Every structure is written in C-alpha cells, then in structure tokens.
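Chain residues, written in single-letter form:
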Amino acid sequence: AECLNFAMVFSVPNYACQRRTTLENHNAVLTDALSLLAENAELEDEDGRGVAFRRAAAVLKALPKPVTSLTQLRGLPCLGEHSLRVIQDVLETGSSSEAESTKQSERFKALKVLTGIFGVGPKTAAWWIRHGINTLHQLRASGHTLNRAQQAGLEHYDGVNRPVTKAEADAIGEIVETAVTSVLPGAQVTLTGGFRRGKLTGHDVDFLITHPEEGREEGLMPKVVSWLESQGFLLYQKTTRNSYLESKDGPARPASNMDRFERCFSIFKLDACGRQPALSQADEEPKPWRAVRVDLVVSPISQFAFALLGWTGSKLFERELRRWAGYEKTMSLSSHALYDNKQSRYLKATSEEEIFAHLGLEYVPPSERNA
Ligand code: 8DG
Ligand code: MN
Ligand code: MN
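The shown structure was predicted, so the numbers you read here are calculated from the model rather than taken from an experiment.

Trainee: I tried to follow the nonpolar core on my own but got confused; where do I start?
Mentor: The nonpolar side chains of a soluble globular protein tend to be buried, and buried together. With 38 residues, the main nonpolar core has L34, L60, L63, L73, L76, I117 and W128 as its most contacted residues. Those elements giving two or more residues to this core turn out to be helix 1 (28-43), helix 2 (47-61), helix 3 (81-93), helix 5 (106-115), helix 6 (122-130) and helix 7 (136-142). At seven residues, the largest contribution of residues to this core is made by helix 1. Of the residues that make up this core, three or more belong to each of domain 1 (16-102) and domain 2 (106-155). Core analysis: the second largest hydrophobic core is formed by 29 residues, A179, A187, F268 and V294 among them.

Trainee: Any chance you could explain the coordination of the manganese ion (ligand 2) here in plain terms?
Mentor: Perfect tetrahedral coordination of a metal by four donors corresponds to 109.5 degrees between them, and perfect octahedral coordination by six donors corresponds to 90 or 180 degrees. The protein atoms donating to the manganese ion (ligand 2) are D204 (OD) and D206 (OD), with metal-donor distances spanning 2.0 to 2.1 Å. The distance between the manganese ion (ligand 2) and the manganese ion (ligand 3) comes to 3.6 Å, and D204 binds to both of them. Residues D204 and D206 agree in their burial class; the two are buried.

Trainee: Just checking my understanding: could you explain the packing of aromatic side chains for this structure?
Mentor: Aromatic rings considered in pairs are described by the distance between their centres and by the relative angle of their planes. The tally for this structure, following the rule as stated, stands at six aromatic pairs. Measuring from centroid to centroid gives 5.2 Å for Y15 and W324, while their planes differ by 90°, and the two rings are edge-to-face. Residue Y15 is located in the segment before helix 1, and its partner W324 is located in helix 14 (residues 315-329); the two are separated by 309 residues in the primary sequence. A relative accessible area of 7% means that Y15 is categorised as buried. Taking the centre distance of 5.2 Å and the plane angle of 85° together, the rings of F356 and Y363 count as edge-to-face.

Trainee: What am I meant to see in the environment of I133 here?
Mentor: By secondary structure assignment, the location of I133 is in the loop between helix 6 and helix 7. Spatially, the C-alpha atoms of I133 and E100 are 23 Å apart, while their sequence positions differ by 33 residues. Apart from the residues lying within four places of it in its own chain, the contact partners of I133 are L114, W128, Q138, L139, S142 and H144.

Trainee: Sorry if this is basic, but what is going on with the coordination of the manganese ion (ligand 3) here?
Mentor: Protein coordination at the manganese ion (ligand 3): the donors are D204 (OD), D206 (OD) and D295 (OD), at 2.1 to 2.3 Å from the metal. Each donor residue of the manganese ion (ligand 3) belongs to the same chain, with the gaps between them written as D-x1-D-x88-D.

Trainee: Which parts of the structure should I look at to understand unusual backbone geometry?
Mentor: The general pattern is negative phi for most residues beyond glycine and trans for most peptide bonds. With omega at -5°, the peptide bond leading from G313 into S314 counts as cis. By the secondary structure assignment, S314 is in the loop between helix 13 (304-312) and helix 14. For T330, which is not glycine, the phi torsion reads 50° and is therefore positive. Tracing the backbone through its elements, the reader meets T330 in the loop between helix 14 and strand 8 (331-333). Backbone geometry places S344, a non-glycine residue, at a positive phi of 50°. As for its position among the elements, S344 is in the loop between strand 9 (338-340) and strand 10 (345-346). By relative accessible area, which is 48% here, S344 ends up partly exposed.

Reading guide: rules and limits
- Residues numbered from 1 in each chain as written.
- Chains lettered and ligands numbered in written order.
- Predicted model: local features only at pLDDT ≥ 70, side-chain atom pairs only at ≥ 80, totals over all residues.
- Heavy atoms only, no water.
- Core = buried A, V, L, I, M, F, W, Y, C linked by side-chain atoms within 4.5 Å.
- Buried < 20%, exposed > 50% of the residue type's maximum accessible area, 1.4 Å probe, protein only.
- Helix = DSSP H or I, 4+ residues; strand = E, 2+ residues; numbered from the N terminus.
- Domains from an automatic or database assignment.
- Donors = N, O, S within 2.8 Å, 3.2 Å for Na, K, Ca; no water.
- Phe/Tyr/Trp six-rings, centres within 6.5 Å; stacked < 30°, edge-to-face > 60°.
- Contact = heavy atoms within 4.5 Å.

Here you go:
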C-alpha cells in the first residue's frame with residue numbers, strides 16, 4: 001500500500017443500504033450536530049429537511065476516519081449546501097453555532113419536552129406552544145384534555161424518557177417470551193429494532209412474534225396482551241389489529257410507512273430486580289419498578305423475513321432500502337412483501353439475505369445497518 005502524506009479523500013456509495021454502518025463512529029461531533037438539526041427539523045414538522053440532515057449524517061457515519069478538511073468530502077453523496085456549511089463550521093471552530101443555538105432555543109426545548117410525552121407528536125406540541133404551554137407543569141395546569149396514550153405518557157414521563165439498557169431489554173424479552181409461549185406454544189419471539197443492531201441502549205424495546213405454521217399466529221396479540229395484563233406487566237397498551245388483507249391500496253404500497261400488522265404499542269412495568277432504582281425527586285420514595293416503552297408486532301411466517309427487515313431499522317436504513325427498491329429496481333418494498341413492478345409479481349423470501357439478493361444488494365447484517 002502507498003503511504004500518502006496528504007489527507008485521504010473518501011468515497012461512499014449513494015444509498016445507505018449499500019454501505020456498512022457500524023456503531024463505531026469516527027465523526028461523532030459532526031454527526032451529533034447534523035442529527036440535532038435533523039431532530040429540530042422533525043420537531044418543526046419539516047420532514048424533508050430532516051431527511052436531508054439524516055442522510056448527510058449517515059454519510060459521515062460511514063467514513064473510516066475522522067474528517068479533517070472539507071476537501072476530503074468532495075464528490076460524496078447527500079451533502080447539501082446547508083450540511084456542508086455545518087460541517088465547515090465544526091471543522092473550523094470545533095462546534096456548530098447553528099446546532100448550539102438551536103439546542104439553547106426555548107422553542108426547541110419546549111418541542112422536545114412536550115413530544116417526550118408518549119402519544120404527543122410535533123403538531124400537538126406546536127399547538128400547545130401556540131397556546132402558551134411550554135412545560136409539563138404548564139400542561140398539567142392548563143386542564144387541556146389528553147387522550148389515553150398522552151395521559152399514560154405524562155404519568156410515566158421519567159421512565160419513558162430514560163434510556164433502556166440491554167439488560168432491561170433482555171428482562172422484558174423473557175417476560176414477552178413467557179407470555180407468548182403460554183398462550184401459543186411453538187410461537188417465536190425475535191428482538192428487533194436498535195437492540196438487534198447491537199445498540200447498548202434504546203428508547204424502547206421492539207419484538208416481532210410469529211408461528212412456524214401459517215395462520216396459527218392469527219388473533220395472537222389480544223391473548224398475549226391479556227396474559228401480560230393479568231400478570232400486572234402493563235401500564236398502558238393499545239392494540240391495533242391486522243388490516244393487511246382488507247386494505248385496498250395493494251399490499252406492497254401501504255398508505256404510509258405504517259404497516260398493517262397486528263401490533264401493540266405499550267408501556268411495561270419492569271421490576272427493579274436488584275438494580276438501584278433511580279430517584280426522580282430526592283424526597284420521593286424510590287419506585288421498585290420502572291416504565292419501559294415496548295412495541296410488539298405479530299407477523300405470519302410467510303411475511304416474517306420482510307417484517308424482520310422492516311422492524312430492525314435503522315429508520316434511515318429502511319427509508320434508503322425502499323428508495324433503492326423504487327428508484328433503482330422498480331420494485332416496491334414494504335414490511336409485508338417485495339413487489340417487482342416490471343415483472344408484475346411478488347418476489348418471495350424466507351430470509352433477509354434473500355431480500356437483499358432480490359434487490360441486487362450485498363447482504364448487510366443488522367450490526368451494520370446503523371445508518
Ligand atoms: P431506538 O428504539 O433504540 O431509539 O431505535 P430503533 O429501535 O431503531 O427505533 P424504533 O423507533 O424503535 O424503530 C424500530 C424500527 O421499527 C425502525 O426500523 C422503524 C420501524 N417502525 C416503527 N414503526 C413502524 C411501522 O409502523 N411500520 C414499520 N414497517 N416499521 C416501523 O417504528
Ligand atoms: Mn426501538
Ligand atoms: Mn419501536
């Protein structure tokens with residue numbers, strides 16, 4: 001190999017699903033700044049801008065070394081004018097003035113606090129802010145009507161906003177496993193989301209449930225939920241039934257990113273099991289349990305590979321997979337199926353590897369989907 005004295009120039013493929021993005025990040029200061037601006041755009045309900053910053057951050061996450069000068073980035077994809085300006089600022093001054101002032105702004109802080117309530121999105125938060133509500137205290141005092149999810153979100157605010165550890169995720173996994181096999185022996189539970197990608201903490205724990213015999217999984221979720229409820233494990237749950245077959249817009253083309261599996265958004269009550277419970281206030285009795293957000297999804301075995309791929313993330317990796325499928329392959333990918341628009345047929349798959357192969361992509365394991 002040549003020994004080069006000048007700074008290396010990087011090369012990165014266009015789509016995040018063509019790249020291997022591990023949790024090792026050599027450009028955390030840059031990606032933190034871009035991610036914060038992405039978060040702010042999302043909180044302002046400007047998803048286009050949010051995605052642009054997320055894409056830029058993902059390109060930097062894929063680099064094998066720290067960036068030291070802008071010239072190294074020449075020719076890289078997804079780095080727009082705005083992102084480049086942010087990068088230049090960080091390279092020259094050590095931090096992004098835009099990210100820093102955003103972080104300090106009252107509006108950002110209020111949007112973040114209010115959307116930290118489970119069940120509250122950017123639109124609701126913005127509406128409250130317009131009506132003078134910027135804090136949880138003001139919200140509680142305002143007497144605004146909250147729906148059931150938001151009431152639970154407010155009640156369990158501290159728990160829901162404290163990162164979940166891998167150990168806690170495993171403890172929840174055992175509970176879910178016991179629940180599922182109690183109500184349907186032979187059913188299988190798979191950890192998905194960030195923890196499947198090897199993350200050490202998460203904002204929730206995600207599980208995919210299936211049964212090796214097609215059809216046996218039908219109606220499973222209400223039974224699992226009843227079991228969990230009877231054992232006192234649920235602080236909140238909302239179950240949505242499977243709407244895949246009744247939809248009219250075609251299986252591979254959901255109306256939104258939302259898929260139509262039987263699912264349950266929940267808040268678990270997890271016993272402290274030896275862990276030192278954190279005090280939310282110094283004079284408060286320590287709770288012997290904590291609240292944890294848990295997502296459960298049930299998939300028939302015939303769609304399992306697609307569901308697994310769709311629920312493993314990261315969110316940007318998923319978005320890029322669908323963009324690749326559509327733009328480069330004239331295919332439609334969802335968490336249910338892969339449709340080839342040229343051949344006018346569904347492409348079957350029983351593993352994630354097969355789906356990547358259908359898409360003409362090199363297989364990327366979960367630990368390298370951290371775009
Ligand atoms: P985190 O919880 O540690 O913060 O990270 P994460 O596990 O990657 O994020 P997540 O918000 O829990 O999402 C996990 C995956 O699930 C991600 O790829 C996006 C996907 N997902 C949803 N909602 C939906 C949905 O309605 N349909 C489909 N197909 N996927 C979804 O979060
Ligand atoms: Mn998750
Ligand atoms: Mn989730």
